[in-house]
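Geometric and topological summary
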Amino acid sequence: MPGSRIAALGHYQPAHVLTNDDLAGMVDTSDDWIRRRTGIATRRIAAQDESVTDLAAAAAGKALAVSGLQPSDIGLITVATCSAVDRCPSIAAQVAGRLAIPSAVAYDLNNGCAGFCTAIAGADHALRAGAARHALVIGAEKMSDVTDWSDRSTCVLLGDGAGAAVLSADENEGVGPVAWGSDPTRSDAVRLVDDWHPRFVQEGQTVFRWVTTELPAIARDACHRAGLTPADLAGIVTHQANLRIIEAVIRQLDLPKDVIVAKDVVDSGNTSAASVPLALSKLTERGDIPSDSPVLLLAFGGGLSWAGQVVTCP
Ligand code: ACO
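In this text the structure is predicted, and so the values were computed from the model without any measurement.

1. Some words on the UniProt feature "domain: Beta-ketoacyl-[acyl-carrier-protein] synthase III C-terminal" (unreviewed entry) in the chain
- In the UniProt entry, the feature "domain: Beta-ketoacyl-[acyl-carrier-protein] synthase III C-terminal" (unreviewed entry) is given for residues 223-312.
- Secondary structure within residues 223-312 divides into 32% helix and 24% strand; the distance between the first and last C-alpha atoms comes to 12 Å.

Here's what the structure looks like:
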């Protein structure tokens, strides 16, 4: 097949809502500071006994149901995650068990917050090569497991959740060529350090400056590879790290007013590799982006890494 397309989407978020006022009772912060510096109002936090596999399987089960496919149709499962604590079996293999998918190749992929867009590119390449006909591509994170709840500079940012896409081989190119890479000069800017317990640390201002400087050109590059300009897009779903970052990048792209911009960070916080599929799935579920219209997916994170592509909205 010459291409692939996103056939269906699904997402899952844990029930518990953690507000900025809740956080102000835990560390020296305020609703006003968090909203002004990040745009975040709430985030979802998984229950103690709820694992990355639970989140991933819930989102993937919904996407599979929407697609109308049978579990046996899925030939490839890949889960983008950086917060999963179990190393083996992979989260993807566990999802295969939960959804009774009989014989798919199943593996996890860690490219930090850029993981989902990286996994979409990998699955698209595999489908084009004929290695499978249908793939489940999932971004799932339990960031609360790797959060230092005494560090106000990071604990206010992170949330838990999962999003999933069913990708199917197709005669049209519903997944555009990927723009991806990494900047090794800033490989220490976002890390999971593991001294007493794995915890997320970052040089916030370094990442902020890098993203607001570099991401607009990467967005234009991904559009160019798909034969489009940013003005041709119906929607744009960037990694949901900070509303100020999203708005700064959008300003530089000079988009028409009717382009839909995902701002799920306000409700969900930063869910790392889950943020792009979570935001995209919500937008399509609400019918905010018309079917068959072009949407730019664009993610960045630890590495510093980036990956993005134009996809056709299911
Ligand atoms: N509440 C109140 N004050 C705070 C808080 C808080 N939660 N956190 C930090 N502060 C204080 C700091 O201590 C500092 O105080 P000081 O001036 O007395 O030293 C002051 O606020 C300013 O701190 P900065 O770190 O300069 O705040 P900034 O405006 O840069 O915002 C933020 C921090 C939100 C992290 C921002 O830098 C950012 O979003 N960076 C990009 C992060 C990113 O995109 N990461 C993505 C990759 S990783 C991933 O997505 C999983």
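2. Notes on the side chain of Gln13
- Within the secondary structure layout, Gln13 lies in the loop between strand S1 (3-12) and strand S2 (16-19).
- Within the structure, the side chain of Gln13 is placed 2.9 Å from the side chain of Ser268, a separation counted as a polar contact.
- Polar contacts involving the side chain of Gln13 include one to the side chain of Lys282, which spans 2.9 Å.
- With near-sequence residues (within four places) excluded, Gln13 lies in contact with Arg44, Ser268, Leu278 and Lys282.

3. Some remarks on the site of the ligand
- Taken together, 24 residues lie around the ligand, and Thr29, Gln205, His239, Asn242 and Asn270 are the ones closest in.
- In this structure, an oxygen atom belonging to the ligand sits 2.6 Å away from a side-chain N or O atom of His239.
- When the ligand sits alone it has 1,000 Å² of accessible area, and the protein chains cover 75% of it.
- Spatially, the ligand is embedded in the largest pocket.
- Sorting the residues of the shell around the ligand by element identifies helix H2 (31-38), helix H6 (152-155), strand S10 (198-202), helix H7 (204-225), helix H8 (243-253) and strand S13 (294-301) as the ones contributing at least two each.
- Looking at the shell around the ligand element by element, the count peaks at four residues for H7.
- Among the residues forming the shell around the ligand, the class breakdown is ten nonpolar, ten polar and four charged.
- Structurally, the shell around the ligand is a two-domain feature, drawing no fewer than three residues from each of domain 1 (3-170) and domain 2 (179-312).

So, how was this worked out
Residues numbered from 1 in each chain as written. Predicted model: local features only at pLDDT ≥ 70, side-chain atom pairs only at ≥ 80, totals over all residues. Heavy atoms only, no water. UniProt positions renumbered as here; feature names shortened; annotations may be inferred. Helix = DSSP H or I, 4+ residues; strand = E, 2+ residues; numbered from the N terminus. Polar contact = N/O pair within 3.5 Å; in protein donor to acceptor, adjacent residues only side chain to side chain. Contact = heavy atoms within 4.5 Å. Near = heavy atom within 4 Å. Areas by Shrake-Rupley, 256 points an atom, 1.4 Å probe, with all protein chains shown as cover. 1 Å grid on protein atoms, 1.4 Å probe; cavity = no way out; pocket = protein on both sides within 12 Å on 5 of 7 lines; lining within 4 Å. Sits in = over half its atoms within 2 Å of the grid points. Nonpolar A, V, L, I, M, F, W, Y, C, P; charged D, E, K, R; others polar. Domains from an automatic or database assignment.

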